[in-house]
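# Descriptive structure summary
Letter by letter, the chains look like this.
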Amino acid sequence: MPRRSMRNIALLAICQALTQSSNTLMFASSALAVLTIVPPDMRIWANLPVTMQHLGVMLSVFPASALMMRRGRKFGFRSGSVMGMVGASCAAIGVGVGSFPLMCLGGIFLGYGIANMQLYRFAAVELAPGHFRAQAISYVTAGGVLAGIIGPTLARFTPDLWMPTFQASFVAVVIVHILVFIVLGFIEFPQVKSEDTAGPQRPLREIVTQPTYMVACAGAMIAFGVMSFVMAASPLAIVQCGLDKTEAPVTIFVHVMGMFLPSFFTGHLISRFGIFNMMMAGIVLLVAGVAVALMGVTEWHFRGALSLNGVGWNFLFVGATTLLTTTYRQAERGKAQAFNDFMVFGVTTVSSLMASVVLELQGWATLNYVALVLVLIAFIVIVAFRLRHPSRA
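Residues numbered from 1 in each chain as written. Predicted model: local features only at pLDDT ≥ 70, side-chain atom pairs only at ≥ 80, totals over all residues. Heavy atoms only, no water.

## Observations concerning the overall build of the protein chain
For clarity, the threshold we go by: Strands are runs of DSSP state E lasting at least two residues, helices are runs of H or I lasting at least four, and both sets are numbered from the N terminus onward. Each radius of gyration is computed over the set of C-alpha atoms, and the globule rule expresses the reference value as 2.2 Å times the number of residues to the power 0.38. When accessible area is computed with a 1.4 Å probe and restricted to protein chains, residues below 20% of their type maximum are described as buried, those above 50% as exposed, and intermediate ones as partly exposed. Working rule for contacts: check all heavy atoms of both residues, and any pair within 4.5 Å makes them a contact.
Scanning the protein chain from terminus to terminus reveals 17 helices and zero strands. A globule of 393 residues ought to have a C-alpha radius of gyration of about 21 Å, and the protein chain, at 20 Å, matches this closely. Dimensions of the protein chain, computed from the C-alpha atoms along their principal axes, are close to 55 × 45 × 35 Å. Across the 393 residues that make up the protein chain, the buried fraction comes to 59%. For the protein chain, restricting intrachain contacts to residue pairs at least 6 apart in sequence, the fraction spanning at least 24 positions comes to 87%.

Written out as structure tokens, the structure is:
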């Protein structure tokens, strides 16, 4: 890969790492922070701020993508960082004044920032030559390895820095978004060109009803949905099963490392073994994660289950993203990418909300059986596509 492309992709990977670390910190801390300000009968809604964050992502992907098509990636991504600062500030103030609604409002604003982060992987494709597409996506996604260190570390050491508990964690998220805003200024994104939006475009319905697009979108939806469903519930499940709350950041750490460490070689594996084989490998690992979770509730069962869940997400999601980039033209990329992320985060909005509900009403085992059903749906979709289109297998 050309040196200039590697430089820009490395900086974008740093932005991915920082933004993902703030997202990881929110996952690890939000639900536990809610428990400090709500009465016992509200525990079932402990994941609502995280759910509102996913809702914010779902509502923001089309506006964020449209803004970038008009003003460029740099302006759009920096706007997302500003909204991340606003959202984390609302969460910090909400904890300070004991306002659950304000924490939920903060989640909406944070959602806009995370929506922009989800577009980093598509921006990576534009920073590298065409035959390095899978590697570019993989390298930027690999920025999450650093997030796997920063996020859980902040989640472990910031909650008790000052009172009220967890307010320092949300202030740390504000600082992270400030750093992202600064780093984005050094990336040389391509300038917006008239031909990028003026070229031939098919209707959105025609793009998204392509069998290949539907398989790619379904794979991404289920990868993110299952990952979010299990990860959102795990901090609460750890406490519910009698383990110390300090185990939650450790489990999130091994999970996030599982999500992003494979990204250093996922792109090469896709090039060697093919997109669909890597997606199927991801499904196998997700099933293995469920199996480990059902074997017991010790700290090592949680760590093993969440790490397998993370690696499975990586193979399935990176494969699905690479497949998606083959289904649209340059001028169509904004709406094609936005629709995909709209569907993905529609699923994660529901899954993150239902995580605490299912956990509270039915328990950790039932939650994993639900995750298993979703994974099997992805398996059926991919197998059906490969049988009908053997040339793409």
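## Quick word on the environment of P2
Among the structural elements, P2 can be located in the segment before α1 (3–35). What makes P2 partly exposed here is its relative accessible area of 39%. Along the chain, P2 and A216 lie 214 residues apart, while their C-alpha atoms are 28 Å from each other.

## As for the nonpolar core
Soluble globular proteins tend to pack their nonpolar side chains together in the buried interior. Condition: Definition of nonpolar core: a set of buried residues of the types Ala, Val, Leu, Ile, Met, Phe, Trp, Tyr and Cys, connected through side-chain atoms within 4.5 Å.
Residues L12, Y120, F170, W364 and L367 are the most contacted members of the largest nonpolar core, which totals 125 residues. Here this core takes 19 residues from helix α11 (residues 211–240), the largest share from any one element. Ignoring sequence-local partners within four residues, the contact set of Y120 consists of L12, C15, Q16, T19, F77, V140, V180 and L184.

## Overview of the packing of aromatic side chains
Our working definition: The pairing test for Phe, Tyr and Trp rings, Trp by its six-membered ring, is centres within 6.5 Å, and the orientation test on the planes gives stacked under 30 degrees, edge-to-face over 60, and tilted for anything in between. Two thresholds decide whether a charge sits over a ring: the Lys NZ or Arg CZ must be within 6 Å of the ring centre and within 35 degrees of the ring normal.
Under the criterion given, the structure shown has eight aromatic pairs. On the basis of an interplanar angle of 85° and a centroid distance of 5.0 Å, the ring pair of F224 and F317 is categorised as edge-to-face. With F224 in helix α11 and F317 in helix α15 (residues 299–324), the pair connects residues that are 93 residues apart, well separated along the chain. Under the relative-accessibility criterion, F224 is labelled buried at 8%. Put simply, the rings of F77, Y120 and F189 pair up and form one aromatic cluster. The cationic tip of R78 hangs over the ring face of F181; the distance from NZ or CZ to the ring centre is 4.2 Å. Seen from the ring of W300, R303 lies directly overhead, with NZ or CZ sitting 4.5 Å from the centre.

## Looking at the environment of C15
With respect to the secondary-structure elements, C15 resides in helix α1. Relative accessible area serves as the criterion here: at 0%, C15 is assigned to the buried category. Sequence-wise, C15 and L184 are 169 residues apart; in three dimensions their C-alpha atoms are separated by 7.1 Å. The residues touching C15, leaving out its near neighbours within four places in the chain, are Y120, V180, V183, L184 and I187.

## Digging into helix α12 (residues 247–260)
Side chains of residues three or four places apart in an α-helix project in the same direction, reflecting 3.6 residues per turn. Note the threshold: Expected helix span is taken as 1.5 Å per residue step, with the number of steps being one fewer than the number of residues.
Helix length check: α12 (14 residues) gives 20 Å between terminal C-alpha atoms against 20 Å at 1.5 Å per residue, within 8%. A large share of α12 lies buried, amounting to eleven of its 14 residues. Turning to α12, its buried residues number three or more, namely E247, A248, P249, T251, I252, H255, V256, M257, G258, M259 and F260. The elements touched by buried residues of α12 are α1, α6 (133–141), α7 (144–157), α11, α13 (263–273) and α15.

## So, a nonpolar patch on the surface
As a reminder, the rule being used: Patch membership requires more than 30% relative accessible area and the absence of a salt bridge. Residues of like charge join within 9 Å; the nonpolar side chains Val, Leu, Ile, Met, Phe, Trp and Tyr join within 5 Å. Values of accessible area rely on a 1.4 Å probe in the Shrake-Rupley scheme; residue burial ignores everything except the protein chains shown. The term salt bridge refers to a pairing of a side-chain nitrogen on Lys or Arg with a carboxyl oxygen on Asp or Glu at a separation within 4 Å.
Taken together, I175, I178, L179, I182 and F186 make up a surface patch of nonpolar side chains, about 460 Å² in accessible area. Locating I178 in the fold gives a position in helix α8 (residues 167–184).

## Focus on the packing of α11 against α15
Using the following cut-off: To define axes, lines are fitted to C-alpha atoms, for helices over the stretch in contact only, and angles between the resulting N-to-C directions are given on a 0 to 180 degree scale. Between 65 and 115 degrees an angle is taken as roughly perpendicular, under 35 as roughly parallel, over 145 as roughly antiparallel, and anywhere else as oblique. Crossing handedness follows the turn of the near helix against the far one: under a right angle anticlockwise gives a left-handed crossing, and clockwise gives a right-handed one. Classification used: nonpolar for Ala, Val, Leu, Ile, Met, Phe, Trp, Tyr, Cys and Pro, charged for Asp, Glu, Lys and Arg, polar for all others including Gly.
Contact geometry of α11 with α15 gives a least axis separation of 8 Å together with a crossing angle of 160°. Looking at the two axes, α11 sits roughly antiparallel to α15. For α11 against α15, the interelement crossing comes out left-handed. Of the residues contributing to the contact of α11 with α15, the split by class is 21 nonpolar, four polar and no charged.

## A short note on the side chain of D341
Positionally, D341 belongs in helix α16 (residues 333–362). What makes D341 buried here is its relative accessible area of 1%.

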